[in-house]
Amino acid sequence: MKIITKPAIAETEEKASRFLCEIVPYDQFEGRLEELRILHPKANHHVTAIRYLDEGQIIERGRDDGEPSGTSGMPSLRALQGADLINVGAIITRYFGGTKLGTGGLARAYAAAVNAAIAVAEIDLYVEHEDFEIQMSFSRSEKIERFLSLHPEITVERAYTEGGVLFSLNAPKPVIATLKEELDYQD
């Protein structure tokens, strides 16, 4: 599976209809959809497709936003699936150009718009993260602090107690495994 590292935008045209597609990381999807509805109030449709992981299960859906059923949201979703993207949302803003495209034409146009945005996106492999908490004495916390300084991809919160430091970490699973190994941590 793959993810996009930042939003990507592409514009396509089919028989004078304009299709503006933006793909965004899933955590930005709802907010960006609201922004695009405000930025493009005269657009005819704001079709969407999403794919994200929820506790190891892929959740996905496509919404037609007034287009004929199955002609826009699902083709957009299939484009995301075809690129093996996860934790992503696609928003396709359509300005009607005056010529009806038909159901097949709509499906091709929406899929092409999403594929155009995917083509310009920065894509990376998806790496599963995990949460890890560990309490360390003040004297031993130096070792974990050194490890953290070498791994900027780790999100860390510290809580200081009388006995030391409680580290709450979120990082890619392989990084957590390496940390546990260095600390001789036993589950």
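Below you will find a few notes about this structure.

### What to know about the layout of surface pockets
- Approximately 340 Å³ is the volume found for the largest pocket.
- Together, 14 residues line the largest pocket, and Leu53, Asn87, Tyr126, Val127 and His129 are the ones closest to its centre.
- Grouping the constituent residues of the lining of the largest pocket by class yields 8 nonpolar, 3 polar and 3 charged.

### Digging into helix α2 (residues 73-82)
- When α2 is considered as a whole, its buried residues turn out to be Gly73, Pro75, Ser76, Leu77, Ala79 and Leu80.
- The secondary structure elements touched by the buried residues of α2 are β3 (17-25), β4 (45-54), β5 (57-63), β6 (88-95) and α3 (102-120).
- Remark: Asp84 follows α2 within two positions and exhibits a positive phi of approximately 60°.

### Some remarks on the sheet that holds strand β9 (residues 155-161)
- Strand order in the open sheet made by the 3 strands is β8-β10-β9, with antiparallel pairing throughout. Two strands lie at the open edges of the sheet, namely β8 (129-136) and β9, each paired on one side alone. Adjacent strand axes in the sheet meet at a mean angle of 15° when their direction is disregarded.
- Note that β8 and strand β10 (residues 164-172) share 8 bridges and pair antiparallel. Note on β10: the bridge partner recorded for Gln135 is Leu166.
- Packed onto the sheet, helix α4 (residues 138-150) meets β8, β9 and β10 and runs at close to 20° relative to β10.

### Comments concerning the pattern of salt bridges
- Across all of its chains, the model carries 11 salt bridges by this definition.
- In this structure, Asp65 and Arg37 form a salt bridge, with 4.0 Å as the shortest nitrogen-oxygen distance. You can see Asp65 sitting in the loop between β5 and α2 and its partner Arg37 sitting in helix α1 (residues 29-39), a full 28 residues away along the chain.
- Arg94 serves as the salt-bridge partner of Glu67, at 2.7 Å between the closest nitrogen and oxygen. Here Glu67, found in the loop between β5 and α2, pairs with Arg94, found in strand β6; they are 27 residues apart in sequence, far enough to count as distant.

### Let's talk about the side chain of His46
- Structurally, His46 can be placed in strand β4.
- A distance of 3.2 Å separates polar atoms of two side chains, one belonging to His46 and the other to Thr93.
- Non-local contacts of His46, meaning those with residues more than four positions away in its chain, are made with Leu33, Leu36, Arg37, His40, Asp65, Ile92 and Thr93.

Conventions and cut-offs
- Residues numbered from 1 in each chain as written.
- Predicted model: local features only at pLDDT ≥ 70, side-chain atom pairs only at ≥ 80, totals over all residues.
- Heavy atoms only, no water.
- 1 Å grid on protein atoms, 1.4 Å probe; cavity = no way out; pocket = protein on both sides within 12 Å on 5 of 7 lines; lining within 4 Å.
- Points joined across faces, edges and corners; volume = space filled by probe spheres on them.
- Nonpolar A, V, L, I, M, F, W, Y, C, P; charged D, E, K, R; others polar.
- Buried < 20%, exposed > 50% of the residue type's maximum accessible area, 1.4 Å probe, protein only.
- Helix = DSSP H or I, 4+ residues; strand = E, 2+ residues; numbered from the N terminus.
- Contact = heavy atoms within 4.5 Å.
- Pairing = 2+ DSSP bridges.
- Axes fitted to C-alpha atoms, helices over the stretch in contact; angles between N-to-C directions.
- Salt bridge = Lys/Arg side-chain N within 4 Å of Asp/Glu carboxyl O.
- Polar contact = N/O pair within 3.5 Å; in protein donor to acceptor, adjacent residues only side chain to side chain.

Limitation: the analysis is restricted to geometry and does not speak to function.
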